[in-house]
Amino acid sequence: MKVLLFGVTKDIIGSSILDVSNFTTNTEKTVGDLYTYLQEKYPELKKLSSLAIAVNSAYAEHNTTLKETDEVALIPPVSGG
């Protein structure tokens, strides 16, 4: 599974796409599981005031089940004026 990264998440991880194939191997996972996995691997993500996760172009709840073919995106907090 590939995760698309934007804004500060891209800066933290150092890439605009993250391959998390090893995360989804052989067991059913949820968005919440992915969120925990990413925070453990990239502790700087814990400092964000909020972080939305979209699955297949729609915001997803933490209990949403992930499939290997899903398109996942991390959407960091946005500020503007």
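To be clear, the structure that these remarks concern was listed above.
Residues numbered from 1 in each chain as written. Predicted model: local features only at pLDDT ≥ 70, side-chain atom pairs only at ≥ 80, totals over all residues. Heavy atoms only, no water.

Before going further, it helps to examine the overall build of the protein. Within the protein, the secondary structure is distributed over two helices and seven strands. Listing each helix as α and each strand as β along the protein from the N terminus yields β-α-β-β-α-β-β-β-β. Here the protein has a C-alpha radius of gyration of 12 Å; the compact-globule value for 81 residues is 12 Å, and the two agree. Dimensions of the protein, computed from the C-alpha atoms along their principal axes, are close to 45 × 25 × 20 Å. Per-residue burial over the protein gives 38% buried out of 81 residues. (Helix = DSSP H or I, 4+ residues; strand = E, 2+ residues; numbered from the N terminus. Rg over C-alpha atoms; globule rule 2.2 N^0.38 Å. Buried < 20%, exposed > 50% of the residue type's maximum accessible area, 1.4 Å probe, protein only.)

Let us now look at the sheet that holds strand β7 (residues 72–75). Pairing between the strands of a sheet comes from backbone hydrogen bonds, and it takes one of two forms, parallel or antiparallel. Spatial strand order, β2-β1-β7-β4-β5: five strands in an open sheet with mixed pairing. What marks the edges here is a single partner per strand, and that holds for β2 (17–19) and β5 (58–59). Bridge count for strand β4 (residues 52–55) against β7 is four bridges, and the pairing is antiparallel. Among the inter-strand pairings, A54 is bridged to a residue of β7, identified as A73. Sheet contacts for helix α2 (residues 31–41): β1 (2–5), β2, β4 and β7; angle to β4, the most-contacted strand, approximately 130°. (Pairing = 2+ DSSP bridges. Contact = heavy atoms within 4.5 Å. Axes fitted to C-alpha atoms, helices over the stretch in contact; angles between N-to-C directions.)

Moving on, we get to the nonpolar core. Nonpolar side chains tend to gather and get buried jointly when the protein is soluble and globular. One finds V3, L18, V20, L34, L38, L66 and V72 to be the most contacted residues of the largest nonpolar core, which totals 22 residues. Those elements giving two or more residues to this core turn out to be β1, α2, β4 and β7. In this structure V20 touches M1, V3, L34, Y37 and L38, once residues within four positions along its chain are discounted. (Core = buried A, V, L, I, M, F, W, Y, C linked by side-chain atoms within 4.5 Å.)

Here I75 lies in strand β7. Looking at I75, the relative accessible area reads 25%, which means it is partly exposed. Separated by 47 residues in the primary sequence, I75 and E28 have C-alpha atoms spaced 23 Å apart. Residues in contact with I75, not counting those within four places in the same chain, are L51, A52, A54 and Y59.

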